[in-house]
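A closer look at the structure
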Amino acid sequence: MAQQLQVLFLPFLACLILTGIHVYLGIHVISRKVIFVDIALAQIAALGATVAFLLGHDPRSEGAYYISLGFAILAAIIFALTRARHERVPQEAVIGLTYATASAAAILLADISPHGAEHLHDLLAGSIVWVTPHQIIKTAVLYSLIGLFHMVCRKRFLLISLDPEAAFARGIRVRLWDFFFYLSFGVVITSSVQIAGVLLVFCYLVAPAVFAVMFFDGLKARLITGWTMATIVSAVGLFFSYDRPSGPTIMVGFAIALALGGTIRAISHAPSRPRALAVATASLALAIGAGWLLVHFRPGTGAHGEEVADAGVGAGSLDPGAESPGPGGSTAPEHEVGGSMDALRRALKDTHENVRVAAVRQIASSADPRILPDMIEALHDQSPAVREQAASALGRLGNRSALPALLQGLRNKDEDEWVRLRIAQAVAGLGDAGAIPVLFDLARQADAKVTRLEAIGTLARLAKMTDPPTSDPDSPEGQAFLQKLDRTLSGDGKRQRHGE
C-alpha cells in the first residue's frame, strides 16, 4: 500500500491542480451553454501538438507547448468573434465544426508519421501517471496566475457568462472580454492536455460542474460541491487504476458519480419516491447483471493475428536482452551520436528516434551508476524504442532507486506491450513482486506471440522451473504450463520470498 501511495502521489497532485481551475471554468462553460468549447479547444491544442510532433518536437517539450498554445489562441479569437447578441447560427454549431475539423486535420497529419497513431492515442488518453514534479510546479504557478486574473475581473466574466443581456445593456465590450476568457481558457486547456490528454481534461471541466449545477444555484456552493466531487473521484479513480489505465478509469469514475447524482436528484424530486427508488434499484441490478455477464462470458481470446516466428522462451535471464524483436530494433542512427558522455546526453534530446536509441545503448553500456537519472528520463521518451532500451538498462544497473519510476511505467496499461514486458523484467530483476501480475497479464493477453512466450519464460525463471514444454502458448501444453506457473507464483509466501 505504501508503495502504491508513493507511485500515485504525483498523479493525485496533478488531479487536484486540474480540479481547482477546471471546476471554476466548467461552471462558466455550463452557464454559457457552450459545453463542447473545451473539447474543441483541447482538440485544436492537440492539432498544434501534432504539428509540433511532425516538426520533430517532443510532445512534452517547450517547443511543442508554444506551438499548441498558438493554435489555442487562434481558436480563442475565432470563438470570441463568432459570438453575437442575436445568433442566426448557434455558436455551438461553430464549436462542433471546429472540433470535427481539428480532429480530421490531426488524423491526416498523424498519418504522415509512422508513429502517428501512437501519438494520437497519447493525446486522447493522456498519461497522467507520467507527470513530473517540474510539470506540477509549473502548472500550479500558471493556473494560480490565471485564477488571480479571473478573481480580479470576476464581475465582468460572471456577468457575461450568467446574464449576457445585462452585460450588453451595461455597455460592456462583451466580444473583448470573451476574447480574454477564451484566451485564458486556451492557456489552461493547452497545459492540461499535455498532462492528462483531451478526454480526461474534458471530464474535469464538465462532469464536476454538471454535478454541482444539479444540486445548487449559488456560485460558492457549486464550486465547493464540484471541487469535493472531483477530488473524491480522482482519489478513488487513481486507487482503482493501479494496474489499469489511469485516465479512462477516472473518466468512468466521473460517469458513475454523475449517474449516482442524477439518480439521487431524480428520486428526491419524484412524485412517488418509493416507485422511483424501485425503478432505480431494478436499473442498478440490471447494470450489475450485464457487467457480470460480460466479465464471465466474454468471447475467448483465440489465436492472435500477427505473430512472430519462434522466440527463445528459455533463453536469457531476468536481465532484459539488448537485442529484441520489440520496438527497439537495430536501425542505424541517422548521424553519429558522439563518444563523450556530454555528447551522448545531448543525443538523448535529438529529434531522430534512432539517434536517441543509440545514445541510450551507449550510455547504458558504461554501467556507471551515475547514469541512473539519464535512464529514468529516457523512460519517459515519446519513442517506445527508447523507453524499451531505458527499461532494459535500468534492469541491468540493478539499482533499486529506479523502482518508483519503473513501477510507474508498469502500471501504465496503455504502454507498448513489449516495453511493458521489459519494464516488468527490470522490476522482477530488482526483486519486486509487483511485476508478477503484469507478466501473467502479458503471458495471457499480449497481442504478439513472442511477447507472450517471453513473459512465460520470465515467469518460469522466477518460479525456478524448467523451460515450458512447447513454444506455442495457445496449445493445451502451453496453457497447462501457465496454470502451473500461476499456482506456483500466486501464493503469498512465494511472492514474499521473491520480494526478499
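It should be noted that the structure appears before, not after, this text.
1. Let's talk about the packing of aromatic side chains
Applying the stated criterion to the full structure yields eleven aromatic pairs. Aromatic side chains F181 and F185 sit 5.7 Å apart centroid to centroid with 15 degrees between the ring planes, which places their arrangement in the stacked category. Of the two residues, F181 and F185 are both situated in helix α9 (residues 174-196); the distance of four residues between them amounts to about one turn of the helix. Here F181 falls in the buried class, since its relative accessible area comes to 0%. Residue class for F185 comes out buried when judged on its relative accessible area of 0%. Here Y204 and F254 contribute two aromatic rings whose centre-to-centre distance is 5.1 Å and whose plane-to-plane angle is 80 degrees, an arrangement assigned as edge-to-face. Pair noted here: Y204 is in helix α10 (residues 198-215) and F254 is in helix α12 (residues 246-269), with a separation of 50 residues, a long-range link. When sorted by exposure, Y204 lands in the same class as F254, which is buried. By way of ring pairs, the aromatic residues F149, F157, W177, F179, F180, F181, Y182 and F185 are connected into one cluster.

2. Description of a nonpolar patch on the surface
Taken together, F215, F216, V252, I256, L260 and I264 make up a surface patch of nonpolar side chains, about 560 Å² in accessible area. For the nonpolar patch, the element with the highest residue contribution is α12, accounting for four residues.

3. Observations concerning the pattern of salt bridges
Scanning the entire structure with this criterion turns up seven salt bridges. The partner of D178 in a salt bridge is R32, with the nearest N and O atoms 2.6 Å apart. Here D178 is found in helix α9, whereas its partner R32 is found in helix α1 (residues 2-32), with 146 residues between them in sequence. Relative accessible area serves as the criterion here: at 0%, D178 is assigned to the buried category. R32 sits in the buried class, given a relative accessible area of 10%. A single network of salt bridges, built from pairs that share partners, joins E388, R422 and E454.

4. Topic: helix α15 (residues 353-365)
For α15, built from 13 residues, the straight-helix expectation of 18 Å at 1.5 Å per residue is met to within 8% by its first-to-last C-alpha distance of 19 Å. For α15, the complete set of buried residues consists of N354, V355, R356, V357, A358, A359, V360, I363 and A364. Where α15 is buried, its residues contact α14 (341-347), α16 (372-378) and α17 (384-397). Directly after α15, the chain includes A367, whose backbone phi takes a positive value near 55 degrees.

5. Some points on the environment of Y143
Counting through the fold element by element, Y143 comes out in helix α6 (residues 133-152). Residue Y143 is classed as buried on the basis of its relative accessible area of 5%. It is 6.7 Å that separates the C-alpha atoms of Y143 and I21, two residues lying 122 residues apart in sequence. Residues within four places of Y143 in sequence aside, it is in contact with I17, L18, I21, V188, S191 and S192. For Y143, the side chain forms a polar contact with the side chain of S192, separated by 2.5 Å.

6. Regarding the packing of α6 against α9
Relative to each other, α6 and α9 sit at 165 degrees, their axes nearing to 11 Å. Relative to α9, α6 is oriented roughly antiparallel. Handedness of the crossing formed by α6 with α9: left-handed. Listed contacts from α9 to Q135, T139, L142, Y143, I146, F149 and H150 of α6 are F180, F181, S184, V187, V188, S191, S192, Q194 and I195. Here the residues of the contact of α6 with α9 sort into nine nonpolar, seven polar and no charged.

Quick notes on the rules
Residue positions are given per chain, counted from 1 along the sequence in the order it is written. Thresholds applied to this predicted model are a pLDDT of at least 70 for local features of residues and 80 or more for the giving and counting of side-chain atom pairs; totals over whole chains, interfaces and linings are not thresholded and use all residues. Side-chain descriptors were evaluated using all non-hydrogen atoms of the structure, hydrogens and water having been removed beforehand. Two aromatic rings, drawn from Phe, Tyr or Trp (for Trp, its six-membered ring), form a pair once their centres lie within 6.5 Å of each other, and the interplanar angle then sorts them: stacked below 30 degrees, edge-to-face above 60, tilted otherwise. Working definition: helices are DSSP H or I runs of at least four residues, strands are E runs of at least two. Numbering for both runs from the N terminus. Burial status follows relative accessibility: with a 1.4 Å probe on protein chains alone, a residue under 20% of its type maximum counts as buried, one over 50% as exposed, and anything between as partly exposed. Patches in this entry comprise residues that are over 30% relatively accessible and not in a salt bridge; like charges within 9 Å are linked, as are nonpolar side chains (Val, Leu, Ile, Met, Phe, Trp, Tyr) within 5 Å. Areas reported as accessible are Shrake-Rupley estimates using a 1.4 Å probe. Residue values count occlusion only from the protein chains shown. The salt bridge definition used is simple: a Lys or Arg side-chain nitrogen within 4 Å of an Asp or Glu carboxyl oxygen. Multiplying 1.5 Å by the residue count of a helix minus one yields the expected span of that helix. By definition, residues are in contact when any of their heavy atoms lie within 4.5 Å. Each polar contact in these results corresponds to two N or O atoms within 3.5 Å; when the atoms are within protein, one needs to be able to donate a hydrogen and the other to accept it, and residues that are neighboring in sequence are counted only if both atoms are side-chain atoms. Each axis is a line fitted through C-alpha atoms, and for a helix only the stretch in contact is used; angles between axes span 0 to 180 degrees, taken between their N-to-C directions. When an angle is under 35 degrees it counts as roughly parallel; over 145 it counts as roughly antiparallel; between 65 and 115 it counts as roughly perpendicular; any other value is oblique. If you view the pair so one helix is near and one far, a crossing is left-handed when the near helix is turned anticlockwise from the far one by less than a right angle, and right-handed when it is turned clockwise. Here the nonpolar group is Ala, Val, Leu, Ile, Met, Phe, Trp, Tyr, Cys and Pro; Asp, Glu, Lys and Arg are the charged ones; every other residue, Gly included, is treated as polar.

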